[in-house]
Amino acid sequence: MPEFYCVSPKEFDLVIEDRFFRDEHELLESRFFDREDRIIARVVRYLDGEGELVASADLMLAVYTEED
């Protein structure tokens, strides 16, 4: 399984533009995959104390090791 790290919107968009093939969405998480069906990025959203979606989200890119 890859490790993920937070990035800027610009960095996120560059990777998605270059490698994106398909995506999957749930309420609090969206996953983006490449043509080899490997997850390349995630968007993680959060709920506030009242159960409402917070406006901001974490944009995360995957880093694979040689073992993956």
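Here's a quick rundown of the structure. As the structure is a computational prediction, the values presented were derived from the model and not from experiment.

Below, the discussion takes up the side chain of arginine 31. Position of arginine 31 relative to the elements: it lies in strand β3 (residues 29-33). Looking at arginine 31, the relative accessible area reads 15%, which means it is buried. Side-chain polar atoms of arginine 31 contact the side chain of glutamate 26, separated by 3.0 Å. One polar contact links arginine 31 to glutamate 29, side chain to side chain, over a distance of 3.5 Å.

Regular strands have side chains that alternate between both faces of the sheet. Burial of β3 is extensive: 4 of the 5 residues sit out of reach of the surface. Between the antiparallel neighbours strand β2 (residues 22-25) and β3 lie 3 residues. In this structure, β3 lies alongside strand β4 (residues 39-47), joined through 5 bridges in antiparallel fashion. When the sheet's bridge partners are listed, arginine 31 is paired in β4 with arginine 42.

Under the definition given, this model contains 2 aromatic pairs. Ring centres of phenylalanine 12 and phenylalanine 32 lie 5.8 Å apart, and the angle between their planes is 85 degrees; on these two criteria the pair is classed as edge-to-face. On the criterion of sequence distance, the pair formed by phenylalanine 12 in helix α1 (residues 9-19) and phenylalanine 32 in strand β3 is long-range, its members being 20 residues apart. The same class applies to phenylalanine 12 as to phenylalanine 32, namely buried. Every member of this aromatic cluster is reached through a ring pair, and the members are Phe12, Phe20 and Phe32. The lysine or arginine in question, arginine 22, covers the ring of phenylalanine 33, its NZ or CZ lying 4.1 Å from the ring centre. Lying over the aromatic face of phenylalanine 4, arginine 42 brings its terminal NZ or CZ to 4.4 Å of the ring centre.

Val7, Phe12, Val15, Ile16, Phe32, Ile40, Ala41, Val43, Leu59 and Leu61 together form the largest nonpolar core, which totals 10 residues. Broken down by secondary-structure element, the contributors of at least two residues to this core are α1, β4 and β5 (53-63). By size, the runner-up hydrophobic cluster in this structure holds 6 residues, among which are Phe4, Phe33, Val44 and Ala62.

Before going further, it helps to spend a moment on α1. Residues of α1 that are buried include every one of Phe12, Val15 and Ile16, and no others. Looking down the long axis of α1, one finds its buried residues gathered within 100 degrees of arc, a one-sided arrangement. Structural note: α1 exposes Lys10, Leu14, Glu17 and Asp18 on the side pointing more than 90 degrees away from its buried face. On its buried face, α1 sits against β3, β4 and β5.

Criteria and thresholds
- Residues numbered from 1 in each chain as written.
- Predicted model: local features only at pLDDT ≥ 70, side-chain atom pairs only at ≥ 80, totals over all residues.
- Heavy atoms only, no water.
- Helix = DSSP H or I, 4+ residues; strand = E, 2+ residues; numbered from the N terminus.
- Buried < 20%, exposed > 50% of the residue type's maximum accessible area, 1.4 Å probe, protein only.
- Polar contact = N/O pair within 3.5 Å; in protein donor to acceptor, adjacent residues only side chain to side chain.
- Pairing = 2+ DSSP bridges.
- Phe/Tyr/Trp six-rings, centres within 6.5 Å; stacked < 30°, edge-to-face > 60°.
- Lys NZ or Arg CZ within 6 Å of the ring centre and 35° of its normal.
- Core = buried A, V, L, I, M, F, W, Y, C linked by side-chain atoms within 4.5 Å.
- Arc of directions from axis to C-beta.
- Contact = heavy atoms within 4.5 Å.

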